[in-house]
Amino acid sequence: DAEITQSPRHKITETGRQVTLACHQTWNHNNMFWYRQDLGHGLRLIHYSYGVQDTNKGEVSDGYSVSRSNTEDLPLTLESAASSQTSVYFCASSQGEWVTDTQYFGPGTRLTVL
Amino acid sequence: QKEVEQNSGPLSVPEGAIASLNCTYSDRGSQSFFWYRQYSGKSPELIMFIYSNGDKEDGRFTAQLNKASQYVSLLIRDSQPSDSATYLCAVKQGGSEKLVFGKGTKLTVNP
């Protein structure tokens, strides 16, 4: 069955370190998205991609980067981790052909920055 | 700023009752509307979507859309304890594949 996976599921790192969170989907979806979820803020869009070599900034992109070299993967990199980036990170994907196309979410990565 | 507003709750209903969850949005160009359910510690999962004015029913769930009032709701009939979760409203603007999410309403169904 097609799915979307994220790794690692839990990560503890130190301030200033570079961290990469992986997202892999086997839906063959064109669109991929990264969100962070924090109490009181809901889901906020970090970066998104509409296809290979396409990346775009979301509403909370500072301190994060992504690259899309193939259809299946959209890794999220924290260049220099900060305590404010402690959060739960979700990756999602959608086909993007119809206005009603749904985003399907991965299981999430809980990141703690000490 | 394109916004999606939900009552934060928590909303508590007895088992078997109807739970009503509400959502308003600011962008009149919004085209489609999604309800996700999120259990504690889990990822959001789609319940249903709606894009035409009126009601859409799927089992115990009914989504209602009123574009003139910029209002979308989700009714859960015969609520069960397993429906206890946070419900997220999401809106897709015209010409975009992005979703804007509300902060969610936490629902508790008491046995």
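Residue numbers run consecutively from 1 along every chain, following the written order of its sequence. Lettering of chains starts at A and numbering of ligands starts at 1, both following the order in which they are written. Owing to the predicted nature of the model, reporting of local features is limited to residues with pLDDT of at least 70; listing and counting of side-chain atom pairs is limited to 80 or more, with chain, interface and lining totals taken over all residues. Hydrogens are left out, water is left out, and the side-chain values use all remaining heavy atoms of the structure.

Colleague: It is not clear to me how the sheet that holds strand β3 (residues 19–25) of chain A should be interpreted in this structure. Could you clarify?
Modeller: Strand-to-strand pairing in sheets goes through backbone hydrogen bonds, with the strands running parallel or antiparallel. All names here are of chain A. The four strands lie next to each other as β1-β3-β8-β7, forming an open sheet whose pairing is antiparallel. The open sheet has two edge strands, β1 (4–7) and β7 (64–66), and neither has a second partner. Across the sheet, the mean angle separating the axes of adjacent strands is 20° when strand polarity is ignored. Only strands that DSSP links by at least two bridges are regarded as paired with each other. Where helices and strands are cited, they refer to DSSP runs of H or I of at least four residues and of E of at least two residues respectively, numbered from the N terminus. Note that β1 and β3 share four bridges and pair antiparallel. Lines fitted to C-alpha atoms define the axes here, with helix axes fitted over just the stretch in contact, and angles between the N-to-C directions of these axes take values from 0 to 180 degrees.

Colleague: Just checking my understanding: could you explain the pattern of salt bridges for this structure?
Modeller: All names here are of chain B. We define a salt bridge as a side-chain nitrogen of Lys or Arg found within 4 Å of a carboxyl oxygen belonging to Asp or Glu. In the structure shown here, the tally under the stated rule is seven salt bridges over all chains. In this structure, R60 engages D83 in a salt bridge whose closest nitrogen and oxygen atoms are separated by 2.8 Å. Highlighted residues: R60 in the loop between β6 (54–58) and β7 (61–66) and D83 in the loop between β8 (71–76) and β9 (85–93), separated in sequence by 23 residues.

Colleague: Any chance you could explain the layout of surface pockets here in plain terms?
Modeller: Over the atoms, a rolled probe matching the size of one water molecule traces out where space is still vacant. Considered as a void within the structure, the largest pocket measures approximately 1,300 Å³ in volume. In this analysis a 1.4 Å probe is tested at points of a 1 Å grid over the protein atoms alone, and where it fits but cannot get out there is a cavity; an open set with protein on both sides within 12 Å along at least five of seven lines is a pocket; lining residues have an atom within 4 Å of a point. Lining the largest pocket are 47 residues, with Q37, D38, H41, G42 and L43 of chain A positioned closest to its centre. Elements represented by at least two residues in the lining of the largest pocket include exactly β4 (31–38), β5 (42–51), β9 (87–94) and β11 (109–113) of chain A together with β1 (4–6), β9 and β10 (99–101) of chain B. Under the grouping applied here, Gly and all other residues not named as nonpolar or charged are polar, the nonpolar ones being Ala, Val, Leu, Ile, Met, Phe, Trp, Tyr, Cys and Pro and the charged ones Asp, Glu, Lys and Arg. Among the residues making up the lining of the largest pocket, the classes are represented as 13 nonpolar, 21 polar and 13 charged. Grid points are joined across faces, edges and corners, and a volume is the space filled by probe spheres set on the points.

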